[in-house]
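# Structural description and commentary
For reference, the chains in residue letters:
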Amino acid sequence: MAVVGAGMGGLTASLYLAQRGHEVFLLERAKYPGGTAGFYTKRGMVYPTGATLTFGLEPGGLFASILQEVGVHLPLYSVNHVMDVRLPDRNVPVVASKAEWLAALKTSFPERASQVVRFWRAVEKTAQAAYLFAKARAALPVQAREDFLHILATMAANKSMLGFGVQRL
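First, a word on scope: everything that follows refers to the structure included in this document. (Residues numbered from 1 in each chain as written. Predicted model: local features only at pLDDT ≥ 70, side-chain atom pairs only at ≥ 80, totals over all residues. Heavy atoms only, no water.)

## Concerning the overall build of the chain
Quick note on the threshold: Segments assigned H or I by DSSP are reported as helices when at least four residues long, segments assigned E as strands when at least two residues long, and all are numbered from the N terminus. Exposed residues in this analysis have more than 50% of their type's maximum accessible area, buried residues have under 20%, and partly exposed residues fall in between, with area computed by a 1.4 Å probe over protein chains only. Should any heavy atoms of two residues lie within 4.5 Å, those residues are counted as being in contact. Shrake-Rupley sampling with a 1.4 Å probe provides the accessible areas, and residues are treated as covered by the protein chains on show and by no other component.
In terms of helices and strands, the chain carries six helices and six strands. Starting at the N terminus and walking to the C terminus, you meet the elements of the chain as β-α-β-β-β-α-β-β-α-α-α-α. Per-residue burial over the chain gives 27% buried out of 169 residues. Taking the intrachain contacts of the chain between residues at least 6 apart in sequence as the baseline, contacts between residues at least 24 apart amount to 30%. Accessible area of the chain: about 11,700 Å², with a carbon and sulfur share of 60%.

Encoded structure:
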């Protein structure tokens, strides 16, 4: 079986396929795996630069739990001010605290603060639904009984998936 791309999704898919007894051939065009979960090194310290900056590697996060499950333990450090997004006319601080993030959005986009916050809340709901499905570790579209059972168990534990989550995905 071939998996194209050694980003977090491709690495995870390869891991689970291999655990289920499949021979996996993982293809990656970059010099190193990780996809958008890139990094750079400065003065001997490694700094992440991708999507894992704001989710996934936190305690209990999806990527952290997968790594822990397979025996990989990384030293992780939490930071509140993750990065700044530089736009042509402003800088937007990206922070881990939800309350501070919403305040930063309002401050960064005062001319349409309520619209930006409303948009972000819609994005957040979609992300939460996607996260719950990812946490179920089931392939979509569902083709195997095991995947269906994983989704049912996750839905039973997270009632919000029944309405919004299923509809959104």
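This is not the end of the story, as more comes after the structure.
## Some remarks on the pairing of strand E5 (residues 81-87)
To keep it simple, the criterion reads: Note on pairing: DSSP must find at least two bridges between two strands before they are called paired.
Bridging between E5 and strand E6 (residues 90-95) involves six bridges; their strand directions are antiparallel. For Asp84, the partnering residue across the bridge sits in E6 and is Pro93. Adjacent in sequence and paired antiparallel, E5 and E6 are bridged by two residues.

## Examining the environment of Phe133
Positionally, Phe133 belongs in helix H4 (residues 113-136). Separated by 21 residues in sequence, Phe133 and Thr154 have C-alpha atoms that sit 7.5 Å apart.

## A look at helix H1 (residues 8-19)
Worth spelling out the cut-off: A helix is expected to reach a length of 1.5 Å times the quantity of its residues less one.
With twelve residues, H1 should cover 16 Å at 1.5 Å per step; its first-to-last C-alpha distance of 16 Å lies within 8% of that length. For H1, the set of buried residues is Gly10, Thr12, Ser14, Tyr16 and Leu17. The elements touched by buried residues of H1 are strand E1 (2-4), strand E2 (25-27) and helix H2 (62-69). A positive backbone phi angle near 95° is found at Gly21, which sits one or two residues after H1.

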